[in-house]
Amino acid sequence: MILDCAIIGGGPAGLSAALVLGRAGRKVILFDDDQPRNAVTQKSHGFITRDGVTPREFRNLAHQDISKYPSVQIKKCKIVEVKREKGSIFKLITHEGKPYLSKKMIIATGLKESLPNVNGIRDYYGKSIFSCPYCDGWELREQPLVLISENNNAFHMAKMVYQWSKDLVVCTNGNKIISETEEQVLKRKGIIIKEKPILKLSGSDGKLEKVVFEDGTEINRSGGFVTTDLEQPNDLAKSLGCEVNKNGRVIVDVLGRSNVEGVYAAGDVSVVGPSQLVIAAAQGTCAAMGVNSDLTMEEFK
């Protein structure tokens, strides 16, 4: 059997695409290796009617919705290779070596993130330290916060976090990443900058209490944010020849089309940085509309 579309990635973008294509009666398989970037997230926010939903609950509800459409399957496996087969047909190979053929494919694999090199940071990540103020800023509002950053996003993120808390300390863990001009801007707002190396984070049960520096000094903080380094979780898009921007994200049009005919991308894999649930889902819908529209046009040639 040749699928109308293979979707690689079972996050909000891939799930939304599967739903839309199912409602169009397209033969689809969604491949999900169950390795979401937001695995540590306790609750997801900002999705109207689903504010505060857990990632697992969201996925379960999405699977229930998709199960209404018999032309869509969800397979819990990893795609390790994709190549052209017979002109416009794609051949996808799972980690078990099983092949699948498809006319179109949507890459919705999200991103892989690396946290700052701080001892114990993963004990707090997703519990009292987060990466997105739009997702978790409300829960930390007006608390004494820390922003831990080792990259050039520190200045921008500090300005964003300030909206939720004016009691903010920026820690660069020994790195000189904030210019003198940027430093003056932040200091005028009362934002403290500490460039000393961090020895460890201190707290209990995922609740941050202190940031301890290598020189023995410490500051009391009840939560905060980090800037993360992000990269593609695999080289599928690259192996197909998809054009990427300076941040390594797949360049697409408004309907998710890449520069490679038949290849679409949606969600974090195709934007500047990690997006909220609702945005990723919307991009999945757009990519599905692109796939269905292109299939329809081909059928009427």
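Everything in this summary refers to the structure shown in the same document. Since the model is a prediction, treat every value here as computed from it, not as a measurement. (Residues numbered from 1 in each chain as written. Predicted model: local features only at pLDDT ≥ 70, side-chain atom pairs only at ≥ 80, totals over all residues. Heavy atoms only, no water.)

## Considering the overall build of the chain
Threshold: Every helix listed is a DSSP run of H or I at least four residues long, and every strand listed is a run of E at least two residues long, numbered separately from the N terminus. Each radius of gyration reported is based on C-alpha atoms, and the globular scaling rule is 2.2 Å times the count of residues to the power 0.38. Burial classes: relative accessible area under 20% of the type maximum marks a residue as buried, over 50% as exposed, and values in between as partly exposed (1.4 Å probe, protein chains only). In what follows, a contact means two residues having at least one pair of non-hydrogen atoms within 4.5 Å. Residue-level accessible areas treat just the shown protein chains as cover; the underlying method is Shrake-Rupley with a 1.4 Å probe. Neither His nor the chain ends contribute to the count of charged residues, in which Lys and Arg are positive and Asp and Glu negative. Charged groups are reduced to one reference atom each: NZ for lysine, CZ for arginine, CG for aspartic acid, CD for glutamic acid.
A count of helices and strands for the chain gives seven helices and 17 strands. Against the compact-globule benchmark of 19 Å for 301 residues, the chain has a radius of gyration of 21 Å, which places it among compact chains. Dimensions of the chain, computed from the C-alpha atoms along their principal axes, are close to 70 × 35 × 35 Å. With 301 residues in all, the chain has 48% of them scored as buried. For the chain, long-range pairs separated by at least 24 residues make up 59% of all intrachain contacts whose partners lie at least 6 apart in sequence. With an accessible surface of roughly 14,900 Å², the chain has 50% of that area assigned to carbon and sulfur atoms. Of the side chains in the chain, 40 bear a positive and 36 a negative charge, and the two mean positions are spaced by 3 Å.

## Side note on the packing of helix 1 (residues 12-23) against helix 2 (residues 55-66)
For clarity, the cut-off: Orientation is described by axes fitted as lines to C-alpha atoms, over the contacting stretch for helices, and by angles from 0 to 180 degrees between their N-to-C directions. An angle below 35 degrees is read as roughly parallel, one above 145 as roughly antiparallel, one from 65 to 115 as roughly perpendicular, and any other as oblique. Put simply, a crossing is left-handed when the front helix is turned counterclockwise from the back one by less than a right angle, and right-handed when it is turned clockwise. Classification used: nonpolar for Ala, Val, Leu, Ile, Met, Phe, Trp, Tyr, Cys and Pro, charged for Asp, Glu, Lys and Arg, polar for all others including Gly.
Running from N to C, helix 1 and helix 2 cross one another at 15°; their axes reach a closest spacing of 9 Å. Considering the angle they form, helix 1 stands roughly parallel to helix 2. Once helix 1 is placed against helix 2, the crossing between them reads as left-handed. Of helix 2, the residues touching helix 1 (which contributes Pro12, Leu15, Ala18 and Leu19) are Phe58, Arg59, Ala62, His63, Asp65 and Ile66. By residue class, the composition of the contact of helix 1 with helix 2 is seven nonpolar, one polar and two charged.

## Notes on helix 4 (residues 154-161)
The following threshold applies: Taking the helix axis as origin, the arc is that swept by the directions to the C-beta atoms.
By the burial criterion, the buried members of helix 4 are Ala154, Phe155, Met157, Ala158 and Val161. Projected down its long axis, helix 4 carries its buried residues within an arc of 165°, all on one side. Here the buried face of helix 4 lies against helix 3 (133-136), strand 9 (145-148), strand 10 (168-171), helix 5 (180-188) and strand 15 (223-226).

## Thoughts on the sheet that holds strand 10
Just so we agree on the cut-off: Pairs of strands are assigned from DSSP output, requiring at least two bridges between the strands.
One open sheet holds the five strands; their spatial order is 8-15-9-10-11, and the pairing between them is parallel. On the outer flanks of this sheet lie strand 8 (129-130) and strand 11 (192-194), each paired with one strand and no other. Across three bridges, strand 10 lies against strand 11 in parallel orientation. Paired with valine 169 across the bridge in strand 11 is isoleucine 192. Strands in contact with helix 4 are strand 9, strand 10 and strand 15; relative to strand 9, the strand with the most contacts, it is inclined by about 160°.

## Here we look at the layout of surface pockets
Selection rule: Whether a set of points on the 1 Å grid over the protein atoms alone is a cavity depends on a 1.4 Å probe fitting there but being unable to get out, while an open set qualifies as a pocket with protein on both sides within 12 Å along at least five of seven lines; lining residues are those with an atom within 4 Å of a point. Grid points are joined across faces, edges and corners, and a volume is the space filled by probe spheres set on the points.
Size it by volume and the second largest pocket reaches roughly 280 Å³. Forming the boundary of the second largest pocket are Pro12, Leu15, Ser16, Leu19, Phe47, Arg50, Phe58, Leu61, Ala62, Asp65, Ile66 and Ala281. At the level of elements, helix 1 and helix 2 are the ones that each hand at least two residues to the lining of the second largest pocket. Among the elements that take part in the lining of the second largest pocket, helix 2 stands out by supplying five residues, more than any other. Here the residues of the lining of the second largest pocket are counted per class, giving nine nonpolar, one polar and two charged.

## Comments concerning the pattern of salt bridges
Opposite charge on two side chains lets them pair, provided their charged atoms get close. As a reminder of what qualifies: Every case where a carboxyl oxygen of Asp or Glu lies within 4 Å of a side-chain nitrogen of Lys or Arg is listed as a salt bridge.
Tallied over the entire structure, the rule returns 16 salt bridges. For the salt bridge of arginine 221 with aspartate 167, the shortest nitrogen-to-oxygen distance reads 3.1 Å. Of this pair, arginine 221 sits in the loop between strand 14 (218-220) and strand 15 while aspartate 167 is found in the loop between helix 4 and strand 10, placing the two residues 54 residues apart along the sequence. Judged by relative accessible area, which is 10%, arginine 221 ranks as buried. When the shortest N-O distance is used, the salt bridge between lysine 176 and glutamate 195 registers 3.4 Å. Taken together, the residues span a long stretch of sequence, with lysine 176 in the loop between strand 10 and helix 5 and glutamate 195 in the loop between strand 11 and strand 12 (198-204) at a distance of 19 residues. The structure contains a network of salt bridges with shared partners spanning Asp32, Asp34, Arg56 and Arg59.

## Regarding the pairing of strand 6 (residues 99-107)
Regular strands place side chains that alternate from one sheet face to the opposite one. As paired elements, strand 1 (residues 2-8) and strand 6 share six bridges and run parallel to each other. Looking across to strand 6, one finds that isoleucine 8 is bridged to isoleucine 107. In this sheet, strand 6 lies alongside strand 5 (residues 89-94) in antiparallel orientation, the contact comprising four bridges. When the bridges of strand 6 are listed, leucine 92 appears paired with tyrosine 100.

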